[in-house]
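Notes for the structure review
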Amino acid sequence: MTIFARARAILLTPVWTLQLATSAKSFLDHPLIGSARLNRLGLHRARVRGADILCRWRRRRLARHVPAAWRAAFDRDGFVAIENVVPEAEFAALRRALLSYEAPAREMRQGDAITRRIAIDPQMLAAIPALRRLLARRDLRALFHYVASFRTEPLHYIQTIVSHCGEGGPDPQETIHADSFHASMKAWLFLNPVRAEDGPFTYVRGSHRYTPARLDWEYRRSLRDPASIDRLSARGSPRAGPEDLAEMGYGAPEGLAVPANTLVVADTGGFHARGAAQQAGERVEIWSYSRRNPFLPWLGGDALSLPGIAERRVGWLWSFRDRFAARIGQPWQPVGTRRAIEARVEEEGTNGAA
């Protein structure tokens, strides 16, 4: 180690130490999180276990606000699927409004798949009052909070998944993985039917529970040289094959083929994936996301969730990453004013597209 590198390590060690009490997760980029010596002593295992204990404590305090059937399904499986979440008489009009809406969009390519997102912002909420009413529903917000384990406002987008688009290699999202070492919430309200062949959301039931077998697996994983494993696992989003799932005592992944107007809310600290589509197509959904520092003991206190701020966060986040792209990266590239899909909007979508 050079004198400069040694001085840098000394100066940054307090910062790295404080980051252990945050959602920082990269074994590859963080010298303490990726330390074989510290992980042999149980650092990673302790972080996973501590985050889980706090998550379960927060959820107990939020549980009474969630409809009992939804709470029971989530506690058992790690996700809940709610069909006809929008009243049938209102869904068709809401779907038409969302698919016809034009706004600045961003896209990211991963393998042979493109993800397109349009921010649900004040302009969209003003133009589509039914969407504002939907996202303000107390029962849905209570479910989002319970799964995230925080009383915070998710980020909301209109999201389009374009599958088998070009020669990009395999889509890494199709590999069974956990997003991090702790709980986080993602939700999909599907605007079109999703069949098994369309690449549905796939989940390993019960894998949101950090059992002793899961903790043992996490411990063994933390001892591996991050340079010797796939980059996404090394960056803190572990991939798990059938043998790994069996070691942890989990079952096989299950694809959720669902009708249009189904809301799926999941803890993506559990093992999940985007199902492999058998043909090219577009899947459109209202996509919501919430993740916070797992070591915070309180439920709320998030200034960015305040009305007037929450619905503007996506635009601010994109602008921030644009400005500092050279330092922190910016995978979401602007593609101009777009609709969620460019094809003609029909009353009912088939094959994952309208």
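Here, every reference points to the structure presented above.
Residues numbered from 1 in each chain as written. Predicted model: local features only at pLDDT ≥ 70, side-chain atom pairs only at ≥ 80, totals over all residues. Heavy atoms only, no water.

All right, on to the packing of helix α4 (residues 68–77) against helix α8 (residues 138–148) then. Where α4 meets α8, the closest approach of the two axes is 11 Å, and the angle between their N-to-C directions is 25°. Here α8 runs roughly parallel to α4, going by the angle between their axes. Handedness of the α4/α8 crossing: right-handed. The residues of α8 that touch α4, namely those facing Trp70, Arg71, Phe74 and Asp75, are Asp139, Leu140, Leu143, Tyr146 and Val147. Grouping the constituent residues of the contact of α4 with α8 by class yields 6 nonpolar, no polar and 3 charged. (Axes fitted to C-alpha atoms, helices over the stretch in contact; angles between N-to-C directions. Helix = DSSP H or I, 4+ residues; strand = E, 2+ residues; numbered from the N terminus. Parallel < 35°, antiparallel > 145°, perpendicular 65-115°, else oblique. Left-handed = near helix turned anticlockwise from the far one by under 90°. Contact = heavy atoms within 4.5 Å. Nonpolar A, V, L, I, M, F, W, Y, C, P; charged D, E, K, R; others polar.)

Right, let's get into the pattern of salt bridges. Should their charged atoms come close, side chains of opposite charge can pair. Evaluation of the coordinates by the stated rule reveals 22 salt bridges. The salt bridge partner of aspartate 29 is arginine 235, with a shortest N-O separation of 2.7 Å. Here the residue aspartate 29 occupies a position in the loop between α1 (3–19) and α2 (36–40), and arginine 235 occupies one in the loop between α10 (231–234) and α11 (242–247), the gap between them amounting to 206 residues. Exposure remark for arginine 235: the relative accessible area of 35% places this residue in the partly exposed category. Note that arginine 45 and aspartate 216 form a salt bridge whose closest N and O atoms lie 2.8 Å from each other. (Salt bridge = Lys/Arg side-chain N within 4 Å of Asp/Glu carboxyl O. Buried < 20%, exposed > 50% of the residue type's maximum accessible area, 1.4 Å probe, protein only.)

Unlike most non-glycine residues, serine 149 shows phi in positive territory, near 70°. Along the chain, serine 149 turns up in the loop between α8 and β4 (155–163). On the accessibility criterion, serine 149 (1% relative accessible area) is buried. Positioned with a positive phi, histidine 164 is a non-glycine residue whose angle comes to about 50°. On the secondary structure map, histidine 164 appears in the loop between β4 and β5 (185–190). Using a relative accessible area of 36% as the deciding quantity, one classes histidine 164 as partly exposed.

Our focus in this paragraph is the packing of helix α3 (residues 43–62) against helix α9 (residues 212–222). Taken N-terminus to C-terminus, the directions of α3 and α9 make an angle of 145°; their axes are 8 Å apart at the nearest point. Between α3 and α9 lies a crossing of right-handed hand. Listed contacts from α9 to His44, Arg45, Val48 and Arg49 of α3 are Leu215, Asp216, Glu218, Tyr219, Arg221 and Ser222. Across the contact of α3 with α9, the residue classes tally to 3 nonpolar, 2 polar and 5 charged.

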